[in-house]
Every structure is written in structure tokens, then in C-alpha cells.
Amino acid sequence: MAILLDGKKLSASLREELKARVEALKARGITPGLGVIRVGDDAASEVYVRNKARMCERLGMHSVVLHLPEDTTQEQLLARIDEMNRDPALHGILVQLPLPPHIQEDAVTARIDPKKDVDGFCSESLGALLKGEPGFVPCTPKGILRLMESAGISLRGKHAVVVGRSMIVGKPVSLLLLSQDATVTVCHSRTQNLRDITRQADVLVAAVGKPQLITGDFVKEGAVVVDVGINRTPDGLLGDVLFDEVQAKASAITPVPGGVGPMTIIMLMENTIEAAERAAQI
Ligand code: NAD
């Protein structure tokens with residue numbers, strides 16, 4: 001039976017550490033602040049943004065949520081980002097994805113001041129990650145690594161297979177795994193014989209967005225399995241991994257919900273606090 005990589009529990013303990021860092025900043029007259037912009041009425045985005053604002057409140061941080069209508073132009077959105085870039089009360093800025101199709105995501109992420117890029121999606125942050133230099137690491141990949149580290153899982157020399165090559169999860173998590181001396185294979189929608197590859201994984205990260213794609217026969221006995229997927233289906237919220245089947249073979253596994261999700265949000269808070277500390281030169 002696999003051990004559970006419990007993101008809810010770990011994020012609760014990290015919350016206490018972060019609260020102390022917020023208090024230390026406040027003692028110096030600085031309240032870490034996060035600006036969040038949401039465009040349109042995507043239902044999942046509404047929940048994510050609400051949860052981020054709530055977490056800021058719980059940690060004693062400042063947050064501003066800007067909800068813009070679906071027909072907001074790219075120029076209007078960029079102008080609002082510029083305002084947040086100039087606002088000294090905001091140390092981090094995040095534009096909730098996905099954006100309406102008439103807005104180019106790249107133009108938007110590129111507009112955020114790299115010093116406030118707490119999502120880690122701008123070219124400067126991703127370049128730093130690639131080169132192993134200090135910078136903001138995207139929250140979901142950072143949370144995945146933290147979860148494994150807290151369970152004492154060593155990655156050195158392990159074969160890590162990542163399914164998914166998005167800029168948000170697949171690519172950055174592959175770089176992080178590589179930085180920890182794993183041997184990394186990245187699979188994607190054009191990969192042939194996916195199951196033959198995932199079955200070789202000591203560590204398997206599923207970031208696909210296909211409910212329960214990874215069944216027991218995709219997994220090697222004793223593998224560590226990280227399920228990033230969040231799929232809203234008529235049967236409820238499902239991961240990319242068929243949990244019951246896979247947990248019988250895995251040595252460790254993340255649940256959905258309660259695995260990677262809570263880690264993502266707490267890493268966003270950590271990045272924002274880090275941004276405030278850097279601004280204060282702590
Ligand atoms: P995406 O759609 O941008 O990327 C999906 C990737 O999966 C692509 O690279 C694609 O090539 C690959 N893929 C698609 N079908 C495949 C198949 N049949 N076999 C192999 N590879 C295939 O998605 P994303 O933004 O990376 O998100 C992936 C999932 O993770 C989604 O369910 C998303 O909701 C979830 N997610 C969760 C969190 C969290 O905090 N838990 C954060 C971000 C994303």
C-alpha cells in the first residue's frame with residue numbers, strides 16, 4: 001500500500017512558517033501584497049482566485065482582486081498590469097489563466113514586472129529556472145518537488161517520467177527534476193507507446209488533463225506517482241490517475257483533491273512573500 005503524499009497536511013504546516021515570515025515583514029512596516037486579475041467568467045478560475053485571496057487573508061497578507069469583463073481588450077488588460085507593476089503595495093502579480101481567446105497569453109505574462117512574477121511564467125523567470133539561477137519557480141512544479149522532499153524521496157539517479165509538456169507544469173517540473181539529478185523523460189500527446197515508457201518510471205508525474213488516463217498497468221511496482229490533473233467530470237473531480245488501482249502498486253501517491261492542488265496555492269504565497277522580502281532586501 002502506498003504512502004499518501006498529503007499536500008493538504010504539508011501546506012497547513014507551511015502556512016505556519018509563512019505566517020511567521022509575514023509577521024517579520026510587518027514588523028518592518030511591509031505587508032506582502034498580491035494582485036490577481038481575472039478576465040471573463042470561467043467557473044474554475046473564479047474558485048481558484050477566491051481561494052488565493054482567502055489564503056492571503058489567512059496569512060495576514062494584502063490582496064487585490066480585479067475582475068474584468070470577458071470583452072476586455074488586450075490593451076486594457078496590459079494597462080491594468082502596468083498599474084499593478086507600479087503599485088508599491090503589490091509585491092506579486094498574477095493573471096489567472098486561461099484568458100479569453102482574443103487575448104495572447106504570452107503578451108500578458110511578458111508584461112508583468114519580473115520582480116513581481118510570482119507565477120514564474122515570464123521569460124526571465126523561466127530562463128532563470130533553465131540556467132539554475134535564482135528566480136521565481138512556477139508554483140505547481142515547486143509544490144510537487146516540495147511534497148516529495150518532505151516525504152524524504154530522493155530523486156538522484158531515478159528515472160522520472162513526466163506526462164505533459166505545458167509551460168505551466170510539464171516543462172518546468174522536468175527542469176526541476178533534472179536539477180535534482182533525476183534522469184528525465186518527457187511524454188506528450190504525440191508520444192508513442194506511452195505505457196511502455198511510464199512503466200519504466202521510478203517517479204511518474206501525470207500532468208495531462210485526461211481523467212484517469214494512468215491506470216495500474218502504466219505503473220511500475222514501487223513507483224512514486226504524482227497526479228497533477230484536476231478534471232471536472234459528471235462523476236466529480238478526478239485526477240489523471242486511477243487512484244485505487246495505482247495506489248496498490250505505488251510506494252507513494254498524491255490524492256486528488258488534497259495532493260498537488262493545496263501545494264500550488266501555498267507556493268504562490270511563498271513566492272509573494274519572497275518577492276516582498278527581496279523588495280525589502282531581507
Ligand atoms: P495542458 O492542456 O496545457 O497540457 C497538457 C499536456 O498533456 C500537453 O503537453 C499534451 O501534449 C499532453 N497530453 C495530452 N493528451 C495526452 C495523452 N493522451 N498522452 C500523453 N500526453 C498527453 O494542461 P496543463 O496546464 O499542463 O494541466 C494539466 C492538468 O493539470 C490539468 O488537468 C490541469 O487542470 C491540472 N493542473 C493542476 C494544477 C494543480 O495545482 N493541481 C495546476 C495546473 C494544472
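A. Representation of the nonpolar core. In terms of nonpolar packing, the biggest core is built from 50 residues, with Ile144, Met148, Leu177, Val205, Val228 and Met269 touching the most fellow members. With 10 residues, helix 10 (residues 260-279) is the largest single contributor of residues to this core.

B. Fine view of the state of the cysteines. Scanning the entire structure with this criterion turns up zero disulfides. Distance from the sulfur of Cys139, which forms no disulfide, to the nearest cysteine sulfur (Cys56) is 11 Å. In this structure Cys139 comes out as buried when scored by relative accessible area, which is 4%.

C. Looking closely at the site of the ligand. The environment of the ligand is made up of 20 residues, and the closest members are Arg165, Ser166, Ser189, Ile230 and Thr264. A distance of 3.0 Å is found between an oxygen atom of the ligand and a backbone nitrogen or oxygen belonging to Ile230. Relative to its free-state accessible area of 860 Å², the ligand is covered by the protein chains to the extent of 73%. Among the elements that line the shell around the ligand, the one with the most residues is helix 10, at three residues.

D. How the structure looks around the sheet that holds strand 3 (residues 62-68). The three strands are arranged 3-2-4 in an open sheet whose pairing can be described as parallel. Single-partner strands in this sheet number two, and they are strand 3 and strand 4 (92-95). Here the strands of the sheet are splayed against their neighbours by 15° on average, with no regard to which way each runs. Of the strands in this sheet, strand 2 (33-39) and strand 4 touch helix 10, which is tilted by about 125° from strand 2.

E. Quick look at the pattern of salt bridges. Taken as a whole and judged by the stated rule, the model has 14 salt bridges. Across the salt bridge formed by Glu16 and Lys19, the nearest N and O atoms sit 3.7 Å from each other. In this pair, Glu16 and Lys19 are both assigned in helix 1 (residues 7-27), three residues apart and thus about one turn of the helix distant. By relative accessible area, Glu16 is classed as partly exposed at 47%. Here Glu270 ties to Arg146 by a salt bridge, and the two come within 2.7 Å at their closest N and O atoms. Here Glu270, found in helix 10, pairs with Arg146, found in helix 6 (residues 139-150); they are 124 residues apart in sequence, far enough to count as distant. For Glu270, a relative accessible area of 9% corresponds to the buried category. Each member of the salt-bridge network shares a partner with another, and the members are Lys142, Arg146, Glu270, Glu274 and Arg278.

F. Summary view of the pairing of strand 2. Extensive coverage of strand 2 is indicated by the burial of seven of its seven residues. Direction of pairing for strand 2 relative to strand 3: parallel, over a ladder of seven bridges. Within the sheet, the bridge partner assigned to Ile37 lies in strand 3 and is Leu66. At this point the chain moves from strand 2, through helix 2 (residues 43-58), to the parallel strand 3, and the crossover so formed is right-handed.

G. Summary view of the sheet that holds strand 11 (residues 252-253). With parallel pairing, six strands are arranged side by side in an open sheet as 1-11-8-7-5-6. The two strands at the open ends of the sheet, each matched to only one other strand, are strand 1 (3-4) and strand 6 (183-187). Judged from the five bridges that link them, strand 5 (residues 159-163) and strand 6 form a sheet pairing that is parallel. If you follow Ala160 over to strand 6, its bridge partner there is Val184. On the sheet, helix 7 (residues 170-179) packs against strand 5, strand 6 and strand 7 (203-206) and is oriented at approximately 170° with respect to strand 5.

H. Expanded view of helix 2. The end-to-end C-alpha separation of helix 2 is 23 Å, in line with the 22 Å expected for 16 residues at 1.5 Å each. Residues of helix 2 that are buried include every one of Ala44, Ser45, Val49, Lys52, Ala53, Met55 and Cys56, and no others. In an axial view of helix 2, the angular spread of the buried residues amounts to 165°, which keeps them on one side of the axis. When the buried face of helix 2 is taken as reference, the exposed residues oriented beyond 90 degrees from it are Ala43, Glu57 and Arg58. Where helix 2 is buried, its residues contact helix 1, strand 2, strand 3, strand 4, strand 9 (231-233) and helix 10. Phi turns positive one or two residues past the end of helix 2, at Gly60, with a value near 80°.

I. Highlighting the pairing of strand 5. Of all the five residues making up strand 5, five are buried; the element is thus mostly covered by neighbouring parts of the structure. Both faces of strand 5 are covered, namely the face carrying His159, Val161 and Val163 and the face carrying Ala160 and Val162. Crossover connection from strand 5 via helix 7 to parallel strand 6: handedness right-handed. Pairing of strand 5 with strand 7 involves four bridges; the strand directions are parallel. Note that in strand 7 the partner of Val161 across the bridge is Leu204.

Rules used in this analysis
Residues numbered from 1 in each chain as written. Predicted model: local features only at pLDDT ≥ 70, side-chain atom pairs only at ≥ 80, totals over all residues. Heavy atoms only, no water. Core = buried A, V, L, I, M, F, W, Y, C linked by side-chain atoms within 4.5 Å. Buried < 20%, exposed > 50% of the residue type's maximum accessible area, 1.4 Å probe, protein only. Helix = DSSP H or I, 4+ residues; strand = E, 2+ residues; numbered from the N terminus. Disulfide = S-S within 2.5 Å. Near = heavy atom within 4 Å. Polar contact = N/O pair within 3.5 Å; in protein donor to acceptor, adjacent residues only side chain to side chain. Areas by Shrake-Rupley, 256 points an atom, 1.4 Å probe, with all protein chains shown as cover. Pairing = 2+ DSSP bridges. Axes fitted to C-alpha atoms, helices over the stretch in contact; angles between N-to-C directions. Contact = heavy atoms within 4.5 Å. Salt bridge = Lys/Arg side-chain N within 4 Å of Asp/Glu carboxyl O. Right-handed = clockwise from strand over helix to strand, strands pointing away. Expected span 1.5 Å × (residues − 1). Arc of directions from axis to C-beta.

Taken by themselves, the reported measurements are silent on function.
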